[in-house]
Amino acid sequence: RIQLYALVASLLIMIFSRMQGQVVESFYIHPEQYINQQEYQTDYFEITKSNTLLELETFASVDNSWVYLDMMFVDAAENRIHGFSSNISYYHGYEGGESWSEGSRSNKIYLKIKDPGQYKIVLTGDVAQDNDLWKQSGIVTLNLNEGVWLTRFPLAVFLFSLFWTFWEIIAKANFGARRWADDD
């Protein structure tokens, strides 16, 4: 019985967590602003909650290409809070009678921010410049959301509860079958 409650609770938490998060800011950065060791700095944005989980989604419309970004999350006092990178690559083609694809045009990074306040992102990067479209495909979008929840923990509880429920059903069915088999 408890596993059914855990199933329902974890499912509700997963659904609820998808509705969490508040948009903080979005930035559109052209490759000329971050390639060749240039350092690009976003405008300051405000994080309003303490001990919040921040989701940073990086997106680039790469097509058989890649974009690499080295980033720092910096507070108003110019202290480095987090350092991280994002590699965005997407390739596709047709080979041996079948089409294939690998990679993704977006990447999500999660950061724990302790204190509310003003922050900015400082980045450098590189983009594949092997065709004439690199200025288009190298445009990077950064989307920031605060107060997001990770669904992996409720998902683990959900899967464990689901396994436990099925195991209990099978165990009861086997017990009933053995009990009635002994009566003959």
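Keep in mind that this is a model prediction, so the values were computed, not measured.

Take the overall build of the protein next. Broken down by element type, the protein carries three helices and ten strands. Taking all 184 residues of the protein together, 33% fall into the buried category. Considering only residue pairs separated by 6 or more positions, the protein has 77% of its internal contacts joining residues 24 or more positions apart. Roughly 11,700 Å² of accessible area belongs to the protein as shown, and the carbon and sulfur atoms make up 54% of that amount.

On to the environment of I121. Inspection of the secondary structure assignment puts I121 in strand β9 (residues 117-127). Here the alpha-carbon distance between I121 and D43, two residues 78 residues apart in the chain, equals 8.0 Å. Excluding residues within four positions of it along the chain, I121 makes contact with Y40, Q41, T42, F45, L56, M71, M72, F73, L142 and L144.

A contiguous nonpolar surface patch, about 490 Å² in accessible area, is contributed by F160, F163, W164 and W167. Assignment of secondary structure puts W167 in helix α3 (residues 152-183).

Strand order in the open sheet formed by four strands is β1-β10-β4-β8, with antiparallel pairing between adjacent strands. Each of the sheet's edge strands pairs with one partner strand only, and the pair in question is β1 (22-29) and β8 (106-113). Neighbouring strand axes in the sheet, compared pairwise and without regard to direction, differ in orientation by 15° on average. Note: β1 against strand β10 (residues 140-146), seven bridges, orientation antiparallel. Residue V23 lies in a different strand from β10, and its bridge partner there is N145.

Conventions and cut-offs
- Residues numbered from 1 in each chain as written.
- Predicted model: local features only at pLDDT ≥ 70, side-chain atom pairs only at ≥ 80, totals over all residues.
- Heavy atoms only, no water.
- Helix = DSSP H or I, 4+ residues; strand = E, 2+ residues; numbered from the N terminus.
- Buried < 20%, exposed > 50% of the residue type's maximum accessible area, 1.4 Å probe, protein only.
- Contact = heavy atoms within 4.5 Å.
- Areas by Shrake-Rupley, 256 points an atom, 1.4 Å probe, with all protein chains shown as cover.
- Patch = residues over 30% accessible without salt bridge, like charges linked within 9 Å, V, L, I, M, F, W, Y side chains within 5 Å.
- Salt bridge = Lys/Arg side-chain N within 4 Å of Asp/Glu carboxyl O.
- Pairing = 2+ DSSP bridges.
- Axes fitted to C-alpha atoms, helices over the stretch in contact; angles between N-to-C directions.

That's the geometry; what it means functionally is another story.
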